[in-house]
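Structural overview
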Amino acid sequence: LPKWGDWPISSIEHQEAQQWVTNLGKRLSRATVAECLRLLSAVMKSAVHSRLIAFNPCEEVRVPRRRKTATSDITITREELVTKLLPVVPGRYRPLVATAGLGGLRWGECVGLRWGRVDLDGAELHIVETLVEVSGKITPKPFPKSKAGRRTVPIPAGLVGMLRDRKAAGGTAGRADLVFTNTAGGPVGRTSFRSRIWRPALVKAGMLGTVIELGPHKFKAVWADSTGTEWSKEFTTERDAIAHVARKASGGLRFHDLRHSYATWLISSGVPVNVVQGVLGHEQASTTLNRYTHKPKDYDNQLRAALSGSADFSLTSEPEPDPENEEDPPPAGS
């Protein structure tokens, strides 16, 4: 709808459809772009069957592979989430970020979560519905991304405590019994959350650019653009410096990367792949392994630990004598 909503259906040509898909591929995952193309193609196919157009302009449109960069598929450790990121997220939205990081929920599942689906005594979340945002309009969807998306997610005690505090502080005052709401009591919008809450929190946590205090009413913002070029600018308030870095800096942890991190933590901790698949709501285990697990930051220490232990051997034992330098033993009976 953002692209084609006001286009006459007969005016959409193959080249324009391909350019649209190519542009989407620069900022969205390949799977998401493929789904966008599938939906448009279904509309066009229906128009062909209804004799509204002569051919489907989406035929032979190719979804480009997205080249990974140094900032692709960023993950963080549990310690970084708990000690660096969560403390700088505004209190109202801290449980939302914690639910994504410690429960592995998708954005729509987080903001669509209702108190009736939260079992605090049993320490689990029941993922049943979700919210979808199109062109700034947020609407409920009575089922998650896939059939496997309907699931029960166990949550740790720390997240249970945060949700209890949220509920006690008036977390039920929002519309439609939503757990997470904006300041007006409505559903949280993804675009505004990213610009006003998420990106500034990354800057404060030291995960995106840098803000240096130079003196009274003097702050230096430092950030890198998409080419890796470093820029800087001075501001009179820290808030303005943080907002500038959040707006100008390239890359950075995405909200969805919390889900990737969650899966990586579970796999690295020895949780079976089929269990991780179930808690993430994936139809196939290959999706869990190929898209949602990454090399943990402490992989070198994990490898060393795996190669150590009871089966380890000593590298400090005395070397065996060189056979070529040994003297012949004395004759028997000498």
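Let me begin by describing the structure that accompanies this report. Every chain is numbered independently, its residues counted from 1 as its sequence is written. Thresholds applied to this predicted model are a pLDDT of at least 70 for local features of residues and 80 or more for the giving and counting of side-chain atom pairs; totals over whole chains, interfaces and linings are not thresholded and use all residues. Side-chain metrics rest on all non-hydrogen atoms present in the structure, leaving aside hydrogens and water.

Description of the overall build of the chain
- Helix numbering and strand numbering both begin at the N terminus, where a helix is a DSSP run of H or I of at least 4 residues and a strand a DSSP run of E of at least 2. A count of helical and extended segments in the chain gives twelve helices and eight strands.
- Summary of the burial criterion: residues with accessible area below 20% of their type's maximum are buried, those above 50% are exposed, and those between are partly exposed, where the area comes from a 1.4 Å probe applied to protein chains only. Every one of the 334 residues in the chain was classed for burial, and the buried ones make up 36%.
- Pairs at least 24 residues apart make up 59% of the contacts formed inside the chain by residues separated by at least 6 positions.
- Residue exposure ignores everything except the shown protein chains as possible cover, and the areas themselves are Shrake-Rupley values with a 1.4 Å probe. Surface exposure of the chain reaches about 20200 Å², of which carbon and sulfur atoms provide 52%. Note on definitions: a residue-residue contact is assigned when non-hydrogen atoms from the two residues lie within 4.5 Å.

Points about the sheet that holds strand β1 (residues 118–119)
- Read across the sheet, three strands follow the order β1-β2-β5 without closing on themselves; strand pairing throughout is antiparallel. Each edge of the open sheet is held by one strand with a lone partner, namely β1 and β5 (151–154).
- In the sheet, strand β2 (residues 124–127) pairs with β5 via four bridges, with the strands oriented antiparallel. Directly across from Ile127, in β5, lies its bridge partner Arg151. Following DSSP output, two strands are said to pair if at least two bridges run between them.

Digging into the packing of aromatic side chains
- When the centres of two rings from Phe, Tyr and Trp lie within 6.5 Å, Trp using its six-membered ring, the rings pair. Their planes under 30 degrees apart give stacked, over 60 give edge-to-face, and anything left gives tilted. Under the criterion given, the structure shown has seven aromatic pairs.
- An angle of 85° between the planes, with centres 5.0 Å apart, marks the rings of Trp107 and Phe255 as edge-to-face. Linking Trp107 in helix α5 (residues 107–111) with Phe255 in the loop between α8 (238–248) and α9 (257–268), this pair joins segments that are 148 residues apart in sequence. Comparing Trp107 with Phe255 shows no difference in burial state: the two are buried.
- Relative to Phe255, the ring of Phe193 has its centre 5.8 Å away and its plane inclined at 90°; by these criteria the two rings are edge-to-face. Here Phe193, found in helix α7 (residues 190–204), pairs with Phe255, found in the loop between α8 and α9; they are 62 residues apart in sequence, far enough to count as distant.
- What makes Phe193 buried here is its relative accessible area of 3%.
- Grouped by ring-pair contacts, the aromatic residues Tyr93, Trp107, Phe193, Trp198 and Phe255 constitute a single cluster.

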